[in-house]
Amino acid sequence: MSPGRHGKLIVISGPSGVGKSTITREVSRRTDAEYSISATTRPPRPDEQDGRDYRFMDRDAFERMIEQDRLLEWAEVFGNLYGTPAEPVRLAVRDGRTILLEIDVQGGIQVHRKMPNAEFILITPPSEAELRRRLKDRGTEDAASYKARCTQAVEELRLARKSGAYRHEVVNDDLEEAIEKIVTIVNT
Ligand code: 5GP
């Protein structure tokens, strides 16, 4: 990157089941954008690694980060805390690097207040019915958590649109098309 050029912050949000993680991973593979590793109190899943997928920590450590103002944003999602460490983002943007945050809408709105010039992308399902189908197909959900995720997904879309923070909406109908649209936003 040319010296003096400010880096770019890209915020990607969207309801659970919309294909956000797949898209974000692929966008970061195809561009210079670096994936920001969030802190969370959620326990790691079997295929996850500390420092690669998340920085896993207990609630006390997370709350200390909040008190010390070390998070750019944070939110509670399904009973766990998630947040973006502020320092790596600040340094990346200062050094002209592009950084990609995959965070929930509550977090995206907080980033929008602090950094309105970032690019905010909301990934949406082709329809509500399709989203329900995708959440069901995951098969990892019991009935109660399936229902909670559906309700949460619809609410998250509503909140995102109401906030006016998300300038871009990308429908994940065709995965490849959705990825390429975001690659274009990153590279513009
Ligand atoms: P999961 O537990 O499935 O990895 O993530 C659950 C939700 O938390 C997803 O919607 C994900 O985008 C969101 N999330 C992950 N990291 C962060 C973060 O740093 N901040 C916020 N606000 N949400 C996050």
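Note that the coordinates shown come from a computational prediction; the quantities given were computed from them, not determined experimentally. (Residues numbered from 1 in each chain as written. Predicted model: local features only at pLDDT ≥ 70, side-chain atom pairs only at ≥ 80, totals over all residues. Heavy atoms only, no water.)

With that settled, consider the pairing of strand 8 (residues 119–124). Across the 6 residues of strand 8, 6 count as buried, placing the element largely inside the fold. Burial of strand 8 is two-sided: the residues Glu119, Ile121 and Ile123 facing one way and the residues Phe120, Leu122 and Thr124 facing the other way are all buried. Across 4 bridges, strand 1 (residues 8–13) lies against strand 8 in parallel orientation. Paired with isoleucine 10 across the two strands is glutamate 119, which belongs to strand 8. Judged from the 4 bridges that link them, strand 8 and strand 9 (residues 168–171) form a sheet pairing that is parallel. If you follow threonine 124 over to strand 9, its bridge partner there is valine 171. (Buried < 20%, exposed > 50% of the residue type's maximum accessible area, 1.4 Å probe, protein only. Helix = DSSP H or I, 4+ residues; strand = E, 2+ residues; numbered from the N terminus. Pairing = 2+ DSSP bridges.)

Contact geometry for helix 5 (residues 128–137) and helix 6 (residues 143–163): axes closest at 10 Å, N-to-C directions at 145 degrees. The way helix 5 lies across helix 6 gives a crossing that is right-handed. Along its contact with helix 5, which presents Glu128, Leu131, Arg132, Leu135 and Lys136, the element helix 6 presents Tyr146, Arg149, Cys150, Ala153 and Val154. For the contact of helix 5 with helix 6, a count of residues per class yields 6 nonpolar, no polar and 4 charged. (Axes fitted to C-alpha atoms, helices over the stretch in contact; angles between N-to-C directions. Left-handed = near helix turned anticlockwise from the far one by under 90°. Contact = heavy atoms within 4.5 Å. Nonpolar A, V, L, I, M, F, W, Y, C, P; charged D, E, K, R; others polar.)

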